[in-house]
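Structural characterization, general
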Amino acid sequence: MKIRLLIDLFLLFFKIGIVSFGGGQAMLPLVKDEVSKNKKWIEEDEMIDIITIAQSLPGAIIINVATAVGYKVYKIKGSIVSSLGVVIPSFIIIISISLFFANIQDNLIVRKAFIGIRGVVVALLFNAFFKFYRMSIKNLYNAFVFIFSVIAMLVFNLSPMILIVIIVTLSLFISYLKRRKS
Amino acid sequence: MSLIDIFLMFFRIGLFSFGGGYTVISLLQKELVSNNLIRSEDFINMVAISQITPGAVAINIATFVGFNNYLFVGAVIATLGIVLPSLLIVIFVIKFITKFKSSTYVRDLLKGLSPAIVGLIFVAFANIAKIEFIEGNSINFKVILISLISYLCISKFKIKIGIVILIFGTVSILIF
């Protein structure tokens with residue numbers, strides 16, 4: 001049944017690739033539910049770790065998540081099949097647009113449709129934020145890191161890369177201090 | 001630029017594209033326009049097209065530039081170039097983290113990172129909401145209404161995302 005599992009991985013991420021408008025973050029709750037609740041491939045707690053790691057590393061979030069889930073489920077083969085699945089829909093769409101619809105973004109109907117679709121993307125992002133907020137922010141320390149990160153990025157325009165480097169350094173340092181104490 | 005140069009350039013961009021979404025666009029623009037791989041106005045068009053197609057903007061642009069310079073082979077090579085760094089890094093890190101899952105350092109690291117990542121998602125939401133909801137000096141109530149109703153469809157009524165996108169895409173052709 002191993003081929004079956006690889007096909008399942010490919011199809012799941014292909015499906016996600018088709019609807020992943022507005023970057024990958026909006027799709028994270030869908031991926032989490034499909035992988036942990038529907039397919040039961042990875043426990044929910046571990047899935048949240050995976051999503052955290054995937055966003056802390058360079059690259060498009062949705063591909064990082066696909067790679068990480070694929071690797072957890074079926075090692076290297078799984079990671080390749082999942083990333084291919086998530087990339088192929090947009091690959092086909094972009095090539096078709098280059099060939100046949102060079103000025104599709106100027107078409108009035110298309111432009112009108114996408115005003116609404118971008119409105120849906122805003123809702124998807126809020127949905128993603130709210131779901132992960134409830135799962136990750138459980139005590140005062142979490143809340144402090146969350147507020148610190150938001151202010152650093154929104155008010156002081158800190159780049160996500162620098163923020164992540166700061167958080168990684170601080171977390172490891174605090175962990176080290178805790179260890180020495182005990 | 002040769003095919004190998006294109007591959008290496010996108011590999012480099014893939015290595016440094018952090019935080020997803022729009023942070024990578026300025027890096028892409030600088031590299032692509034200065035190497036004459038894309039004209040400035042085509043780049044802006046491509047960003048617009050990426051907003052109306054699924055998938056990550058950076059990867060879509062890689063596919064487009066590869067295709068325009070070396071057709072299908074170019075599209076494959078450029079897309080691979082931008083995807084490969086994160087593929088390798090993610091596999092390496094997941095392997096490492098899984099191995100040391102019970103280490104207190106790894107636990108504390110993930111505990112610190114996880115709320116920061118929630119912050120990252122919030123910032124993505126806030127930035128896009130600002131762009132979509134505010135039009136010059138006025139507030140775009142129709143878009144806000146679409147966002148509110150589609151949020152209810154997704155979170156309360158559990159309607160599939162593809163269907164919600166189709167419905168509101170159609171609705172907004174009629175009301176705008």
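Quick look at the structure, then. (Residues numbered from 1 in each chain as written. Chains lettered and ligands numbered in written order. Predicted model: local features only at pLDDT ≥ 70, side-chain atom pairs only at ≥ 80, totals over all residues. Heavy atoms only, no water.)

1. Focus on the overall build of chain B
Per the secondary structure count, chain B includes seven helices and two strands. Secondary structure elements of chain B occur, N-terminal to C-terminal, as α-α-α-α-α-β-β-α-α. For 176 residues, the compact-globule estimate of 2.2 N^0.38 gives 16 Å, and the C-alpha radius of gyration of chain B, at 20 Å, exceeds that figure by more than 25%. Along the longest, intermediate and shortest principal axes, the C-alpha atoms of chain B span 50 × 50 × 30 Å. Of all intrachain contacts in chain B linking residues separated by at least 6 positions in sequence, the fraction that spans at least 24 positions is 47%. Just so you have it, chain B exposes about 8600 Å², and 71% of that area is on carbon and sulfur atoms. Between the mean site of the 13 positive side-chain charges and the mean site of the 7 negative ones, chain B shows a separation of 17 Å. (Helix = DSSP H or I, 4+ residues; strand = E, 2+ residues; numbered from the N terminus. Rg over C-alpha atoms; globule rule 2.2 N^0.38 Å. Contact = heavy atoms within 4.5 Å. Areas by Shrake-Rupley, 256 points an atom, 1.4 Å probe, with all protein chains shown as cover. Lys, Arg positive; Asp, Glu negative; His and termini not counted. Charge placed at Lys NZ, Arg CZ, Asp CG, Glu CD.)

2. With respect to the packing of aromatic side chains
Going through the model one piece at a time under the given rule, you end up with 17 aromatic pairs over all chains. Plain terms: the ring middles of A:Phe10 and A:Phe14 are 5.8 Å apart, the flat faces sit at 25° to each other, and that makes the pair stacked. One end of the pair, A:Phe10, and the other, A:Phe14, are both in helix H1 (residues 2-19), four residues apart, so they sit about a helical turn from each other. Clustering of aromatic rings is evident, with ring pairs tying together A:Phe126, A:Phe129, A:Phe130, A:Tyr133, A:Phe146, B:Phe122, B:Phe125 and B:Tyr151. (Phe/Tyr/Trp six-rings, centres within 6.5 Å; stacked < 30°, edge-to-face > 60°.)

3. Topic: helix H6 (residues 140-154) of chain A
Side chains that are three or four residues apart share a direction in an α-helix, a result of its 3.6 residues per turn. Taking 1.5 Å of rise per residue, the 15 residues of H6(A) would be expected to cover 21 Å, and the 21 Å separating its terminal C-alpha atoms lies within 8% of that figure. The N-cap of H6(A), judged by a side-chain oxygen 3.2 Å from the amide nitrogen of A:Tyr141 a few residues on, is A:Asn139. (Expected span 1.5 Å × (residues − 1). Polar contact = N/O pair within 3.5 Å; in protein donor to acceptor, adjacent residues only side chain to side chain.)

4. Digging into the interface of chain A and chain B
Contacts between the two partners involve 86 residues from chain A, matched on the other side by 82 residues from chain B. Carbon and sulfur atoms supply 77% of the area buried between chain A and chain B, which totals about 7900 Å² over both sides. Counting across the chain A and chain B interface gives four salt bridges. Of all the secondary-structure elements, those providing two or more residues to the side of chain A that touches chain B are H1, helix H2 (28-38), helix H3 (44-56), helix H4 (61-100), helix H5 (108-136), H6 and helix H7 (160-181) of chain A. (Buried area = accessible area lost by both parts, 1.4 Å probe. Salt bridge = Lys/Arg side-chain N within 4 Å of Asp/Glu carboxyl O.)

Just distances and angles here, no functional claims.
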